[in-house]
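Residue strings, one per chain:
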Amino acid sequence: MSPLLSKDSPLTKLIINGIETKCSSGNTIPLVDPSTSQEWLRVDEANEEDVNIAVGHAESAFQVWSTLPSYIKASTIRKFGELIMENKEVLIYFECKGNGKPISQASWDVPVTVGILNHMAALCETDNKSAVSTNGSPGFLNYVLRESFGVTAGIIPWNVPMIMFASKVGPAVAAGNAIIIKPSEKAPLTSLLLGSLATQAGFSPGLIQVLPGYGPSAGAALARHVKIRKISFTGSVATGRLIQEMAAKSNLKNVSLELGGKSPNIIFQDVDIPSAASACAQSILSGSGQTCFAASRIYVHTSIKEVFLKFYTEVLELAYQGIGHHLEDKTTYGPVVDRIQFQRVQELLKQGDNSEKIVIGGGSSSSAPAGGYFIPPTIFTSVADSAEINIREIFGPIVMVHTFDGEAEVIKRANDSEYGLYGAVFTKDIDRAMRVSKALEVGSVGINCTSPVVAADMLFGGYKASGIGREGGPDALHAWQEMKSVYLKIGQVE
């Protein structure tokens, strides 16, 4: 089957009720090429009026979709995944065009996206939507039903839009809901394309709608809307707090939050040093460090610090030699997403005091293409645990490399953070690996591996300020369902 999408035809309008629709205000969002800083396209900007229209269509779509048997829902979700695979080249092109990720790094985004959808389709078919109890209440047959919320919403970031789209849409529709997606205004194109493919896959019109827009307008309208019963957000801690507050002040809708991270990676002295260094380097190189679970705090045993730094630096420098426009096949290192992010990272780099040592990187680079938002991989050592750059999520290719001497010490330091999304421990000692992985206050732990290692059939989410709730895993649909207890009295024999 020939692809339905084309690189020559980006979608620029809202996806409402299954069709491309002009926004009500006539306003548009400029899209800028991160490698050149030049505007190249504009897309329609949704506002509160558009949200209200979409909610009305979502209510109608939910009435149809929620009555369908699970096998039809599951087959539609799988068909959606098939269409994504058939159009993977176009989707990868616009994914990278929008957020600056090199084409060479994006090839895995499509299979991961489809894998998430297939997992949700399987859960849709096999998930038991009721549980029966006869033991606790003699004379009664009691059972629990899990039922759809109805109209839901997902707000997703710009770093991996396709994966985030599937992480919200997949479980939402598998659980029987309708969903409105607000992609980031920085990179909305793949979400619009996926919204179009969803219609082609056979989803009820209005079941999956896509409204590009800014957070204070479209995002806030979704968080406050009283007919939206569930909202899931992936992004910054500050915005997550605002969404939770708006949800509480409106209809107390159910809220799931997957927020920031400052992931500690602990390297013990018994490791395969080149392998550990490569894994940690690839983590911070992915998306030029713009991932919530990037290995941005590394704790290396004092006895192997110099050897580790040698291998770690070599991997970063080799990748940086492939700096270039992100749409070129030879490019292995791309820009950060836009001027705002570029300036934010630069400002944080300046906050290092004289006691902090830059091993490589720092600031801008003369080897970067002119005009682009390029920041070289940067390693800081001799950084105080209390330093601003060690505490705050930078969301860029900036790494703190610390040393430690004892297990208890490094666990305490690793946990001394408001974040708790991801962590890793590298060691050949299985007992130590189990102790440390249990002690780390994070939602996911890699043992002899690190981010971006995740799996659709595993839970993902954070401790502390890194979020509320979990996505994925064997119970992924439960976060998108209400629970109801039913008590059936059994008549007695007369």
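You'll find the structure just up there.
What you see is a predicted model, and the numbers here were worked out from it, not measured in a lab. Per chain, residues are indexed from 1 in the order of the written sequence. Where local features are concerned, this predicted model is filtered to residues with pLDDT of at least 70; where side-chain atom pairs are given and counted, the filter is 80 or more; whole-chain, interface and lining totals use all residues. In computing side-chain values, all of the structure's heavy atoms are included and hydrogens and water are not.

Caption draft 1: Structural detail: the overall build of the chain. Numbering goes from the N terminus for both helices and strands, where a helix is a DSSP run of H or I of at least four residues and a strand is a run of E of at least two. Looking only at helices and strands, the chain features 15 helices and 22 strands. Its C-alpha radius of gyration of 24 Å places the chain within 12% of the 23 Å reference for a compact globule of 494 residues. Taking the principal axes of its C-alpha atoms as reference, the chain extends roughly 80 × 60 × 45 Å. Working definition: with a 1.4 Å probe on protein chains only, accessible area under 20% of the residue-type maximum means buried, over 50% means exposed, and in between means partly exposed. Burial statistics for the chain: of 494 residues in total, 55% are counted as buried. In this description the radius of gyration comes from C-alpha coordinates, and the expected globular size is given by 2.2 Å times residues to the power 0.38.

Caption draft 2: Summary view of the nonpolar core. Nonpolar core, defined: a set of buried Ala, Val, Leu, Ile, Met, Phe, Trp, Tyr and Cys residues in which side-chain atoms within 4.5 Å join the residues together. Core analysis: the largest hydrophobic core is formed by 88 residues, its most contacted members being Phe-80, Ile-84, Phe-165, Val-173, Phe-203 and Ile-208. In terms of residues, this core owes the most to one element, helix H6 (residues 161-174), which gives nine residues. Any two residues whose heavy atoms approach within 4.5 Å at even a single point are treated as in contact. Apart from residues no more than four positions distant in its own chain, Phe-80 is found in contact with Leu-117, Phe-165, Leu-194, Leu-197, Ala-198, Ala-201 and Phe-203. Ala-281, Tyr-312, Ala-368 and Phe-426 belong to the second largest nonpolar core, which has 30 residues in total.

Caption draft 3: Fine view of helix H12 (residues 339-350). Relative to the 16 Å expected for twelve residues at 1.5 Å per residue, H12 spans 17 Å between its end C-alpha atoms, a close match to the ideal helical length. Among all positions in H12, only Gln-341, Phe-342, Val-345, Gln-346, Leu-348 and Leu-349 are buried. Take H12 and look down its axis: the buried residues cluster within an arc of 160°, on one side only. In H12, the exposed positions angled more than 90 degrees off the buried face are occupied by Ile-340 and Lys-350. Buried residues along H12 sit against strand S15 (378-381), helix H13 (388-391) and strand S16 (398-404). Polar contact is the term for a pair of N or O atoms within 3.5 Å; when the atoms are in protein, one must be able to donate a hydrogen and the other to accept it, and sequence-neighboring residues count only if both atoms are side-chain atoms. Among the residues of H12, the N-terminal cap falls to Asp-338, whose side-chain oxygen and the backbone nitrogen of Ile-340 are separated by 3.3 Å. Here the expected span of a helix is defined as 1.5 Å times the quantity of residues minus one. Note that the arc is computed from the directions linking the helix axis to the C-beta atoms.

Caption draft 4: Layout of a nonpolar patch on the surface. Among the surface-exposed residues, Ile-430, Met-434 and Ile-447 lie close enough to one another that they form a single nonpolar patch of about 290 Å² accessible area. Following the sequence through the fold, Ile-430 ends up in helix H15 (residues 430-439). Ile-430 gets classed as exposed once you look at its relative accessible area, which sits at 57%. Patch membership requires over 30% relative accessible area and the absence of a salt bridge. Like charges are linked within 9 Å, and nonpolar side chains (Val, Leu, Ile, Met, Phe, Trp, Tyr) within 5 Å. Where accessible areas are quoted, they stem from the Shrake-Rupley method and a 1.4 Å probe; at the residue level, only the protein chains shown are allowed to cover. The salt bridge criterion pairs a side-chain nitrogen of Lys or Arg with a carboxyl oxygen of Asp or Glu, the two atoms within 4 Å.

Caption draft 5: Local environment of empty space enclosed by the protein. Lining residues are those with an atom within 4 Å of a point, where the points come from a 1 Å grid over the protein atoms alone and group into cavities, where a 1.4 Å probe fits but cannot get out, or pockets, open sets with protein on both sides within 12 Å along at least five of seven lines. Grid points are joined across faces, edges and corners, and a volume is the space filled by probe spheres set on the points. For the structure shown, the criterion picks out five cavities of 30 Å³ or more. Taken together, 13 residues line the largest cavity, and the ones lying closest to its centre are Gly-289, Thr-291, Ala-294, Ser-296 and Phe-395. Three residue categories are used. Nonpolar comprises Ala, Val, Leu, Ile, Met, Phe, Trp, Tyr, Cys and Pro, charged comprises Asp, Glu, Lys and Arg, and polar comprises the others, including Gly. Tallied by class, residues from the lining of the largest cavity come to six nonpolar, five polar and two charged.

Caption draft 6: H6, seen in detail. Over its 14 residues, H6 extends 19 Å from the first C-alpha to the last, a length consistent with the 20 Å expected when each residue adds 1.5 Å. Counting buried residues in H6 gives 14 out of 14 residues, a clear majority hidden from the surface. Downstream of H6 by a residue or two, Gly-176 has a phi angle that is positive, lying close to 100°.

Caption draft 7: Up close: the side chain of Ser-191. Along the chain, Ser-191 turns up in helix H7 (residues 189-201). Its relative accessible area of 0% is what places Ser-191 among the buried residues. Beyond its immediate stretch of four places on either side in the chain, Ser-191 contacts Ile-156, Pro-161, Phe-165, Pro-183 and Val-210.

Caption draft 8: Fine view of the layout of surface pockets. Here the second largest pocket defines a volume of roughly 260 Å³. Among the elements of the structure, strand S18 (444-447) and strand S19 (459-460) are those that each provide at least two residues to the lining of the second largest pocket. When residues in the lining of the second largest pocket are grouped by element, the largest group, three residues, is from S18. Its residues assigned to classes, the lining of the second largest pocket comprises nine nonpolar, three polar and no charged.

Caption draft 9: Focus on the pairing of S18. Because side chains alternate across S18, one face comprises the buried residues Ser-444 and Gly-446, and the other comprises Val-445 and Ile-447, none of which is buried. Two strands are counted as paired when DSSP detects at least two bridges linking them. Pairing analysis gives four bridges linking strand S17 (residues 422-426) to S18, with the strands arranged parallel. Across the sheet, the residue bridging to Tyr-422 is Ser-444, located in S18. A clockwise course of the path from the first strand over the helix to the second, judged with the strands pointing away from the viewer, identifies a crossover as right-handed. One crossover worth recording links S17 to the parallel S18 by way of H15, and it is right-handed.

Caption draft 10: Molecular detail of the pattern of salt bridges. On inspection of all chains with the given rule, the structure shows 19 salt bridges. Linking Lys-310 and Glu-314 is a salt bridge whose minimum nitrogen-to-oxygen distance equals 3.1 Å. Taken together, the positions of Lys-310 and Glu-314, both in helix H11 (residues 305-320) and four residues apart, correspond to about one turn of that helix. In this structure Lys-310 comes out as partly exposed when scored by relative accessible area, which is 45%. Taken together, the salt bridges that share partners define one network made up of Asp-270, Glu-407, Arg-432 and Arg-435.

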